[in-house]
Amino acid sequence: DWWDREMRREHMERRDYDRDDLLTSWLTAQNERVLGLGEGKCRPNYTWPVVQAAYLAKALGYTRISVIEFGVAGGNGLLALERATEIIESFFDVAIDVYGFDSGRGLPKPVDYRDLPHFWKESLYKMDEKRLKKRLRRSHLVIGPVDETVRQFLKSKPAPVGFVSFDLDYYS
């Protein structure tokens, strides 16, 4: 039993990217390793898709990808994404650029009933940009109206996007 576990672990560390046998099991094991090494600072809903994106990038021969969080607010999600990418980069030897998009001013005024104006209020989730920047190690904050900053971001020709977390709250 011990030998089988050890051989499985060794096989997972030396992944052949040209073969797909047991891929789901292997990716699941990598995700569990990230969560363990993250010491409670990683979020499973971020690690799983980023592990998959890094694997795909490696399999396709990419050396760099981007991951994005839309709706940063206080920054806890961006910090968790940042921590996960640091670990995942070492597993796959793929560089991962982390971006966080936010207006910095909190939610705008709701403009549509589907924005749930009875629930979401203007300026909710306002960011303390100065405080957050002190906490970030490598993420790039992109501050301003998302519909404008995304256009500028795409013009800058970032690495291919492997994962997007969309937490802007509004329908509109």
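All values derive from a computational prediction rather than experimental measurement. (Residues numbered from 1 in each chain as written. Predicted model: local features only at pLDDT ≥ 70, side-chain atom pairs only at ≥ 80, totals over all residues. Heavy atoms only, no water.)

1. Some points on the pairing of strand β1 (residues 64–70)
Buried residues dominate β1, accounting for six of its seven residues. Relative to strand β2 (residues 95–102), β1 runs parallel, the two sharing seven bridges. Residue pairing in the sheet places E69 in a bridge with G100 of β2. Handedness of the crossover joining β1 and β2 through helix α4 (residues 76–92) is recorded here as right-handed. (Buried < 20%, exposed > 50% of the residue type's maximum accessible area, 1.4 Å probe, protein only. Helix = DSSP H or I, 4+ residues; strand = E, 2+ residues; numbered from the N terminus. Pairing = 2+ DSSP bridges. Right-handed = clockwise from strand over helix to strand, strands pointing away.)

2. Focus on unusual backbone geometry
Look at E39: it is not a glycine, yet its phi comes out positive at around 50°. Its location among the elements puts E39 in the loop between α2 (23–37) and α3 (44–60). For E39, a relative accessible area of 63% translates into the label exposed. Despite not being glycine, A73 shows a phi value in the positive range, around 55°.

3. With respect to the sheet that holds strand β3 (residues 140–143)
Spatially, four strands are ordered β3-β2-β1-β4 in an open sheet, and the strand pairing comes out parallel. In this open sheet, the two edge strands, each paired with only one partner strand, are β3 and β4 (161–166). Taking each pair of neighbouring strands and ignoring which way they run, the sheet shows an average axis angle of 20°. In the packing of α3 onto the sheet, the strands contacted are β1, β2 and β4, and the crossing angle to β4 comes to about 165°. Contacts between α4 and the sheet are confined to β1, β2, β3 and β4, with β2 contributing the most and set at about 170° to the helix. (Axes fitted to C-alpha atoms, helices over the stretch in contact; angles between N-to-C directions. Contact = heavy atoms within 4.5 Å.)

4. Quick word on α4
The terminal C-alpha atoms of α4, which comprises 17 residues, lie 25 Å apart, in line with the 24 Å expected from a rise of 1.5 Å per residue. With 13 of its 17 residues buried, α4 lies for the most part within the structure. Two residues or fewer after α4 comes D93, characterised by a positive phi angle close to 55°. (Expected span 1.5 Å × (residues − 1).)

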